[in-house]
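Okay, here's what each chain looks like letter by letter:
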Amino acid sequence: MTLSALHPAVRLAGWLLVLLAIQRLAGLPLFVALAATALLGRAILARAARLIRRTRWLLLSLLIVFAWGVAGDPLWQGFGAPTREGLEEAATQVGRLLLVLVAVAAFLETMPLGSLLSGTRRLLLPLRRAGIDADRGVIRLMLVLRYAEALPRPRDWRTLLAAPAVPVSESVELDDAPLAPLDRVLLLAGVAAFAAIILV
């Protein structure tokens, strides 16, 4: 069975578990995971490169904050030296963020918008008893995604003010298929994996 045969809700839940598991990686496992991303397709790597380019200042900020903000042994004697512990923590945090960006690129590249929205709706349906409207949440997610795509890269604040409005006449078809027995089993396994990651 291929991943595309699974219900979008299962694929979305699995992707969320991957993002959570990334936050547990450090050292050699993190390095191996980053190296393994080279095996992904060219389209995914190109999309990941665009995301990394857009977040380059955040990556640089993480490096500076941790390298010079974590106490420890200075890398060299003298003013302005980062600490060895800070550089290790910076490498871990930057590596995790890079891996998250690649995971986001892979997910967006392989998950059509309609499948993403239907999967989100299916995962939100059990929360109706808590007063959360799944349909409204899906519509808001669609608007955010469309607005993010239509928004040009600003060179200054005037560009943002002149940004064109997102068209409101667009329609997206949702494939609201019911969960198959295997999908339900996988979602239960995902809940157990989530609990294991949180508690360990």
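Going by the structure above, here's the rest.
What counts as what
Residues numbered from 1 in each chain as written. Predicted model: local features only at pLDDT ≥ 70, side-chain atom pairs only at ≥ 80, totals over all residues. Heavy atoms only, no water. Helix = DSSP H or I, 4+ residues; strand = E, 2+ residues; numbered from the N terminus. Expected span 1.5 Å × (residues − 1). Contact = heavy atoms within 4.5 Å. Patch = residues over 30% accessible without salt bridge, like charges linked within 9 Å, V, L, I, M, F, W, Y side chains within 5 Å. Areas by Shrake-Rupley, 256 points an atom, 1.4 Å probe, with all protein chains shown as cover. Salt bridge = Lys/Arg side-chain N within 4 Å of Asp/Glu carboxyl O. Phe/Tyr/Trp six-rings, centres within 6.5 Å; stacked < 30°, edge-to-face > 60°. Buried < 20%, exposed > 50% of the residue type's maximum accessible area, 1.4 Å probe, protein only.

Peer 1: How should helix α1 (residues 8-22) be read in this particular structure?
Peer 2: An α-helical segment advances 3.6 residues per turn. Residues three or four places apart therefore align on the same side. In this model α1 runs 21 Å from its N-terminal to its C-terminal C-alpha over 15 residues, within 8% of the 21 Å that 1.5 Å per residue would give. Next to the buried residues of α1 lie α5 (84-110), α6 (113-124) and α9 (181-199).

Peer 1: How should I be thinking about a nonpolar patch on the surface in this particular structure?
Peer 2: A contiguous nonpolar patch, built from W57, L60, L63, I64 and W68 and spanning about 530 Å² of accessible area, is present on the exposed surface. As for its position among the elements, W57 is in helix α4 (residues 56-69).

Peer 1: Looking at this structure, how should I read the packing of aromatic side chains?
Peer 2: For any pair of aromatic rings, the description consists of the separation of the ring centres together with the inter-plane angle of the planes. Within this structure, the stated rule accounts for 1 aromatic pair. Considering the side-chain rings of W15 and F107, the 4.4 Å spacing of their centres and the 20 degrees angle between planes classify their relative orientation as stacked. One end of the pair, W15, is in helix α1; the other, F107, is in helix α5, and 92 residues separate them in sequence. Grouping residues by exposure puts W15 and F107 together as buried.

The analysis is restricted to geometry; functional conclusions fall outside its scope.
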